[in-house]
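Each chain, letter by letter, is given below.
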Amino acid sequence: MRKIIVLEHISLDGVIQAPGGPEEDTSNGFAYGGWSAPYSDETIGTALAKKMNMPFDLLLGRKTFEIWAGFWPRHADEWPGVNPATKYVASNTMTSHEWQPSVFLNGDISEKVAKLKREQGPDLHVWGSGNLLQTLIKHDLVDVFWLMIYPITLGAGKRLFADGTIPAAFKVTETIVGPNGVILVNYERAGAITTGTASL
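Below you will find a few notes about this structure. (Residues numbered from 1 in each chain as written. Predicted model: local features only at pLDDT ≥ 70, side-chain atom pairs only at ≥ 80, totals over all residues. Heavy atoms only, no water.)

## Structural notes on the pairing of strand β3 (residues 87–90)
When a strand is regular, its side chains alternate between the sheet's two faces.
Now for step 1: Side chains K87 and V89 project from β3 onto one buried face, and the interleaved Y88 and A90 project onto a second face that is buried too.
Now for step 2: Pairing between β3 and strand β4 (residues 102–105): four bridges, direction parallel. Bridge assignment links Y88 to a residue of β4, and that residue is V103. (Buried < 20%, exposed > 50% of the residue type's maximum accessible area, 1.4 Å probe, protein only. Helix = DSSP H or I, 4+ residues; strand = E, 2+ residues; numbered from the N terminus. Pairing = 2+ DSSP bridges.)

## A closer look at helix α2 (residues 62–69)
Now for step 1: Within the sequence span of α2, burial applies to T64, F65, W68 and A69. Buried residues along α2 cover an arc of 130° about the axis, so they all sit on one side.
Now for step 2: Elements that come into contact with the buried residues of α2 comprise β2 (57–61), β3, β4 and β5 (124–127). (Arc of directions from axis to C-beta. Contact = heavy atoms within 4.5 Å.)

## Considering the packing of aromatic side chains
Now for step 1: Applying the stated criterion across every chain, the model contains 14 aromatic pairs.
Now for step 2: With 6.0 Å between their ring centres and 80° between their planes, F30 and Y32 make a pair best called edge-to-face.
Now for step 3: For Y32, a relative accessible area of 48% puts it in the partly exposed group.
Now for step 4: Measuring from centroid to centroid gives 5.5 Å for W68 and W79, while their planes differ by 70°, and the two rings are edge-to-face. Of the two residues, W68 sits in helix α2 while W79 sits in the loop between α2 and β3, which places them eleven residues apart along the sequence. No difference in accessibility class separates W68 from W79, as the two residues are buried.
Now for step 5: One aromatic cluster in this structure is built from F56, W68, F71, W72, W79 and W127.
Now for step 6: The side chain of K87 reaches across the aromatic face of W99, ending 4.4 Å from its centre.
Now for step 7: When the ring centre of F170 is taken as origin, the NZ or CZ atom of R189, which lies over that ring, is 5.6 Å away. (Phe/Tyr/Trp six-rings, centres within 6.5 Å; stacked < 30°, edge-to-face > 60°. Lys NZ or Arg CZ within 6 Å of the ring centre and 35° of its normal.)

Any functional reading would require information beyond the geometric quantities listed.
See below:
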């Protein structure tokens, strides 16, 4: 069975929109594209490179796929695994693309992703894809959140956890703190929420 691993740059107030550059995603008037750039450092970069070099396929929303399709085929030396990885794309409008191998998913995305998870193959990495993420979270399809948390609040923008987030418990299996204040945390699903009385 394959795991779905969500990898995101995220602000303290939960925003994941356009961390990479000013023109990445300006929808709804978002004015802070590229907000992660000033916090780059070697510690987080090394951890990110290690994750990117593991075996994976990609599960992407259409907008993220289109952004990546315009970039990664011309920058294969920076991330050798991204072009040969199978790209599963959630879209009701796109059915083919020259960036291959690509498989397009339409209709009931949650059902099709659940089927993908049951198949043999590398884990499915989700980057960006804010709208797709809401479907995955709502249907409890995410196994791991691999988050790079930045010391910044943005006030507005697409958030990782929006309406439809289900109650769930997680365990921390990795934590790295970069010199510029970025905290990398790997959260893995740990069953249902348990409650109790806190002691002082």
